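Notes for the structure review
Single-letter residue listing:
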Amino acid sequence: MRIPVPPSSEITPPESFLRRRLLLAGGATLGGIGGPALATPLPSTRAAAWSIDDKPTPFSTMTSYGNFYEFGPDKDSPAKHAHRLRIRPWTLTVDGAVKTEKTFAIDDLLKWAPLEERIYRFRCVEGWGAVVPWIGFPFAELLKRVEITGNAKYVEFWSLADPGQMPYVRVPLLDWPYVEALRLDEAKHPLTLLAVGMYGEVMPKQNGAPLRLIVPWKYGFKGAKSIVRVRFVEKQPATAWTKAAPDEYGFYSNVNPDVPHKRWSQSHERRLGEFRKRPTLPFNGYAEQVAGLYAGMDLRQNF
Ligand SMILES: Nc1nc2c(c(=O)[nH]1)N[C@H]1C(S)=C(S)[C@@H](COP(=O)(O)O)O[C@H]1N2
Ligand SMILES: [Mo]
């Protein structure tokens with residue numbers, strides 16, 4: 001299938017500074033043959049109240065075009081190479097500002113709460129959008145299973161960084177592991193999802209199996225893939241992207257059509273599979289639910 005992407009004249013090559021670092025590092029090569037993701041059905045209940053009515057982006061598009069830099073710098077790198085990821089056994093460690101550190105096996109975690117299907121808007125900072133039926137449950141479910149201390153003000157999400165499975169973590173594209181973070185109240189918001197599947201299937205490896213974060217009112221890069229650690233901290237942490245380019249990526253990264261990225265205007269977006277441009281909505285269309293989290297804040301300063 002051919003995926004319509006904006007003509008190259010309209011956009012700067014994605015993450016050109018990553019490409020520069022790749023060249024500086026002498027490049028990296030990958031063996032292995034990609035292949036279609038083997039789909040495993042994952043039953044869930046549609047959460048209509050948390051879903052939009054728009055038609056989802058085709059599954060084949062969402063599994064063949066994306067960013068997962070641990071597997072390479074190109075949009076098709078994840079689909080080609082993420083088959084190397086071993087998703088069992090898999091554990092999630094919760095530590096930092098908690099009374100007792102805990103480690104959960106993924107198969108136990110999957111039983112925490114009824115799985116919901118939620119059709120969310122998705123917006124990548126590079127200018128593409130999508131509509132995705134994720135499967136998962138609110139991050140708040142995790143808070144029922146750990147006791148955080150009064151020092152817990154922010155939450156970090158750590159992706160796996162295993163060079164044996166993820167060849168590009170040998171290359172300093174980013175300061176590995178990929179770490180993203182939220183303020184505690186953002187993490188607790190009912191829209192914030194720990195996703196374990198999509199389109200009725202177990203999460204494909206290239207989309208962040210077995211467990212990833214989805215924060216639909218923020219740019220896609222906040223949604224760390226293949227998470228192995230959740231750490232509660234007191235101070236606003238640096239993240240993979242704020243470390244890579246602090247003038248381009250802010251901590252909050254709320255979708256905001258009025259605050260352009262250095263290389264990409266954020267006023268419009270093109271949904272994968274469509275040709276027309278749609279105006280980008282404040283908070284990616286979730287302003288009614290989340291704007292209150294930022295009352296009194298200057299969102300140009302806190303981009
Ligand atoms: N660990 C990790 N998580 C990541 C990324 C990454 O490179 N590594 N890319 C981010 C970016 S930039 C986007 S747009 C989304 C893409 O998710 P998708 O491939 O499911 O569309 O994942 C985010 N999560
Ligand atoms: Mo992105």
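One numbering rule holds for all chains: residues counted from 1, following each sequence as written. Written order determines the labels here, with chains lettered from A and ligands numbered from 1. Two thresholds apply to this predicted model, a pLDDT of at least 70 for residue-level local features and 80 or more for giving and counting side-chain atom pairs, whereas whole-chain, interface and lining totals are computed over all residues. Each side-chain value is worked out from all heavy atoms of the structure, with water and hydrogens disregarded.

**Re the site of ligand 1**
Keep this limit in mind: Consider each residue's heavy atoms; a residue with any of them within 4 Å of a molecule or strand counts as near. Here a polar contact means two N or O atoms within 3.5 Å. Within protein one must be a hydrogen donor candidate and the other an acceptor candidate, and residues neighboring in sequence count only if both atoms are side-chain atoms. Each accessible area value is a Shrake-Rupley result obtained with a 1.4 Å probe; residue values ignore everything except the protein chains displayed when judging cover. Whether a set of points on the 1 Å grid over the protein atoms alone is a cavity depends on a 1.4 Å probe fitting there but being unable to get out, while an open set qualifies as a pocket with protein on both sides within 12 Å along at least five of seven lines; lining residues are those with an atom within 4 Å of a point. A molecule is said to be in a cavity or pocket once over half of its atoms fall within 2 Å of that pocket's grid points. In this classification, the charged set is Asp, Glu, Lys and Arg, the nonpolar set is Ala, Val, Leu, Ile, Met, Phe, Trp, Tyr, Cys and Pro, and all remaining amino acids, among them Gly, are polar.
Around ligand 1, a shell composed of 18 residues is seen, among which Tyr69, Glu70, Asn207, Arg212 and Lys225 lie nearest. One nitrogen or oxygen atom from the side chain of Arg212 is found 2.6 Å from an oxygen atom belonging to ligand 1. At 2.7 Å, a side-chain N or O of Lys225 approaches an oxygen atom of ligand 1. About the coverage of ligand 1: the protein hides 99% of its 530 Å² of free accessible area. Here ligand 1 occupies the largest cavity. The residue makeup of the shell around ligand 1, split by class, is 9 nonpolar, 6 polar and 3 charged.

**Points about unusual backbone geometry**
Quick reminder of the rule: Working definition: helices are DSSP H or I runs of at least four residues, strands are E runs of at least two. Numbering for both runs from the N terminus. A 1.4 Å probe rolled over the protein chains alone gives each residue an accessible area, and that area as a share of the maximum for its type sets the label: buried under 20%, exposed over 50%, partly exposed in between.
The omega angle of the peptide bond from Trp176 to Pro177 is -5°, so this bond is cis rather than trans. Examined against the element boundaries, Pro177 turns out to sit in the loop between β6 (154-159) and β7 (179-183). Following Ala209, the chain continues to Pro210 via a peptide bond in cis, the omega torsion being -5°. By the element assignment, Pro210 lies in the loop between β9 (201-202) and β10 (212-214). If you check the backbone angles, Tyr199 has positive phi at about 50° while not being a glycine. With respect to the helices, strands and loops of the structure, Tyr199 is situated in the loop between β8 (193-198) and β9. Take Tyr199: its relative accessible area is 17%, and that puts it in the buried class. At Asn284, a residue that is not glycine, the phi angle is positive and equals roughly 55°. Structurally, Asn284 can be placed in the loop between β13 (278-279) and α8 (287-290).

**Looking at the sheet that holds β7**
Remark on secondary structure: sheet strands pair via backbone hydrogen bonds, oriented parallel or antiparallel. Worth spelling out the cut-off: Only strands joined by at least two bridges in the DSSP assignment are considered to pair. For every element, the axis is a line fit to its C-alpha atoms; helices are fit only across the contacting stretch, and the angle between N-to-C directions ranges from 0 to 180 degrees.
One open sheet accounts for 5 strands, arranged β3-β2-β11-β6-β7; its pairing is mixed. The open sheet terminates on both sides in strands that have one partner only, identified here as β3 (102-105) and β7. Within this sheet the neighbouring strands show an average axis-to-axis angle of 20°, counted without direction.

**A short note on the confidence of the model for the protein chain**
The criterion, for reference: The predictor rates its confidence in each residue with pLDDT, a number between 0 and 100. Residues are treated as being in contact if the distance between any of their heavy atoms lies within 4.5 Å.
With 87% of its residues at a pLDDT of 70 or more, the protein chain has an overall mean of 92. The low-confidence segment residues 1-14, where pLDDT is below 50, has 21 contacts with residues more than four positions distant or belonging to other chains.

**Some remarks on the pairing of β7**
Within β7, 5 of the 5 residues are buried, which leaves it mostly tucked inside the rest of the structure. Alternating positions in β7 separate into two faces, Val179, Ala181 and Arg183 on one and Glu180 and Leu182 on the other, with burial throughout. Across 5 bridges, β6 lies against β7 in antiparallel orientation. The partner of Tyr154 across the bridge, within β7, is Arg183.

**Some points on the pattern of salt bridges**
Stated formally: Basic side-chain nitrogens of Lys or Arg form a salt bridge, by our definition, when they fall within 4 Å of a carboxyl oxygen of Asp or Glu.
Tallying each qualifying case throughout the model produces 20 salt bridges. A salt bridge links Lys75 to Glu126; its shortest N-O distance comes to 2.9 Å. One end of the pair, Lys75, is in the loop between α2 (59-64) and α3 (77-81); the other, Glu126, is in the loop between β4 (116-123) and β5 (128-138), with 51 residues separating them in the sequence. Judged by its relative accessible area of 12%, Lys75 is buried. Between Arg229 and Asp95 there is a salt bridge, with the nearest N and O atoms lying 2.7 Å from each other. Of this pair, Arg229 sits in strand β11 (residues 227-233) while Asp95 sits in strand β2 (residues 91-96); the two residues are 134 residues apart in sequence, bridging distant segments of the chain. Note on Asp95: relative accessible area 10%, which makes it buried. What emerges from the salt-bridge pattern is a single network uniting Asp247, Glu248, Lys262 and Arg263.

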